[in-house]
Amino acid sequence: MGDLAKFLIFLGCSIVVIGVILLVLGKVPLPFGKLPGDITIHKKNVVIFAPITTMIVVSLILTVLLNLFARWFK
């Protein structure tokens, strides 16, 4: 039970930290969604948005961060 409690505390703290980061990043003008390679198609009544480059950049950043955390907590 102690391991489960520690995991839930860690998960809760992680969610709080991610929420604070999202609040701060919402006020900082970042180019995400407007990078070269992000596809936006405007038609009459339809807008299609495929942020290909943004997804790749976010994926790389999260991969590096999660690997660092995994090695730190190992």
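Please refer to the structure placed before this passage.
If you're wondering where the values come from, they're calculated on a predicted model, not measured in any experiment.

**A few points about the pairing of strand E2 (residues 47–50)**
- As defined by bridge partners, strand E1 (residues 39–42) adjoins E2 across four bridges and the pair is classed as antiparallel. Directly across from His 42, in E2, lies its bridge partner Val 47.
- Taken together, E1 and the strand that follows it, E2, pair antiparallel across an intervening segment of four residues.

**Quick word on the environment of Leu 60**
- Looking at the secondary structure, you find Leu 60 in helix H2 (residues 52–73).
- The spatial distance from the C-alpha of Leu 60 to the C-alpha of Phe 73 is 20 Å, given a sequence separation of 13 residues.

**Considering the side chain of Thr 54**
- Structurally, Thr 54 can be placed in helix H2.
- Apart from the residues lying within four places of it in its own chain, the contact partners of Thr 54 are Phe 32, Gly 33, Leu 35 and Asp 38.

**Thoughts on the side chain of Asp 38**
- Note that Asp 38 resides in the loop between helix H1 (2–27) and E1.
- Buried charge without a salt bridge: Asp 38, with Lys 34 as the nearest opposite-charge side chain at an N-O distance of 9.7 Å.
- A distance of 3.4 Å separates a polar side-chain atom of Asp 38 from the backbone nitrogen of Ile 52.
- One polar contact links Asp 38 to Thr 54, side chain to side chain, over a distance of 2.7 Å.
- Each residue touching Asp 38, except ones within four places of it in the same chain, is listed here: Gly 33, Phe 49, Ala 50, Pro 51, Ile 52, Thr 53 and Thr 54.

What counts and how
Residues numbered from 1 in each chain as written. Predicted model: local features only at pLDDT ≥ 70, side-chain atom pairs only at ≥ 80, totals over all residues. Heavy atoms only, no water. Pairing = 2+ DSSP bridges. Helix = DSSP H or I, 4+ residues; strand = E, 2+ residues; numbered from the N terminus. Contact = heavy atoms within 4.5 Å. Buried < 20%, exposed > 50% of the residue type's maximum accessible area, 1.4 Å probe, protein only. Lys, Arg positive; Asp, Glu negative; His and termini not counted. Salt bridge = Lys/Arg side-chain N within 4 Å of Asp/Glu carboxyl O. Polar contact = N/O pair within 3.5 Å; in protein donor to acceptor, adjacent residues only side chain to side chain.

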